[in-house]
Protein chains: 2
Amino acid sequence: MSVIANTPYFSVIFTSTRTDGDHGYDEMAKRMVELAEQQSVFLGVESARENVGITVSYWADLESIKNWKANTEHLTAQKIGRKFWYDSFKVRILKVERDYGI
Amino acid sequence: MSVIANTPYFSVIFTSTRTDGDHGYDEMAKRMVELAEQQSVFLGVESARENVGITVSYWADLESIKNWKANTEHLTAQKIGRKFWYDSFKVRILKVERDYGI
């Protein structure tokens, strides 16, 4: 709710189901948020997990999403994630057409 | 993760923080999923709540999102939501540019 940007801006929805156990996940998840926040065009992130985990991050343009995907430290996290943390996951790249709220 | 559609398709991200107490929320939330599933162009929904609640629904086109927003029973839920259930909320309408996963 704290994210403010003029449309259009862009979003990544990451949905996942976890494997059992932590396997370093919590520490890496915190580090990834910290690292994403250092990217100049990063607008914000919101995250919640119950049966499914949903993380939505917001970005100023598609180029910055591409750069974030290719970030060296993030690539390492992606590799570990595929191997240890996720039973399944889906990444969606989206364009925010409009938004409103209170 | 169970949602399968060819891109482009469309998405609504609803993020919210709740007021204290239920006030009929759980029952209405279930009913809204049931009602959305009856819409012919509804592709699916994923939802999780921790500090923030995130509900992501998927739709075949923008017209169907507009129709869902204007659905009579859904309008009632929106009114009650603004008054009783949410401290704050944000609705984002998005176009899914691409997706991938395992």
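Residues numbered from 1 in each chain as written. Chains lettered and ligands numbered in written order. Predicted model: local features only at pLDDT ≥ 70, side-chain atom pairs only at ≥ 80, totals over all residues. Heavy atoms only, no water.

Chain A is annotated in an unreviewed UniProt entry as Antibiotic biosynthesis monooxygenase of Moritella yayanosii.

What about the packing of aromatic side chains?
Applied cut-off: Two rings from Phe, Tyr or Trp (for Trp, the six-membered ring) form a pair when their centres sit within 6.5 Å of each other. Planes less than 30 degrees apart are called stacked, planes more than 60 degrees apart edge-to-face, and all others tilted. The numbering of helices and of strands both runs from the N terminus, where a helix is a DSSP run of H or I of at least 4 residues and a strand a run of E of at least 2. Buried residues are those whose accessible area, probed at 1.4 Å on protein chains only, stays under 20% of the maximum for their type, while exposed residues exceed 50% and partly exposed ones sit between those limits.
Enumeration according to the criterion identifies 18 aromatic pairs over all chains in this entry. Taking 5.4 Å as the distance between ring centres and 80 degrees as the angle between the ring planes, the aromatic pair formed by Tyr25 of chain B and Trp85 of chain B counts as edge-to-face. One end of the pair, Tyr25 of chain B, is in helix α1 (residues 25-37); the other, Trp85 of chain B, is in helix α3 (residues 72-85), with 60 residues separating them in the sequence. Each of the two residues, Tyr25 of chain B as well as Trp85 of chain B, counts as buried. Clustering of aromatic rings is evident, with ring pairs tying together Phe14, Tyr25, Trp85, Tyr86 and Phe89 of chain A.

Brief notes about the pairing of strand β2 (residues 42-49) of chain B
Put simply, the rule is: For two strands to pair, DSSP has to find at least two bridges joining them.
Alignment of β2 of chain B against strand β3 (residues 53-59) of chain B, held across seven bridges, turns out to be antiparallel. Note on β3 of chain B: the bridge partner recorded for Glu46 of chain B is Val56 of chain B.

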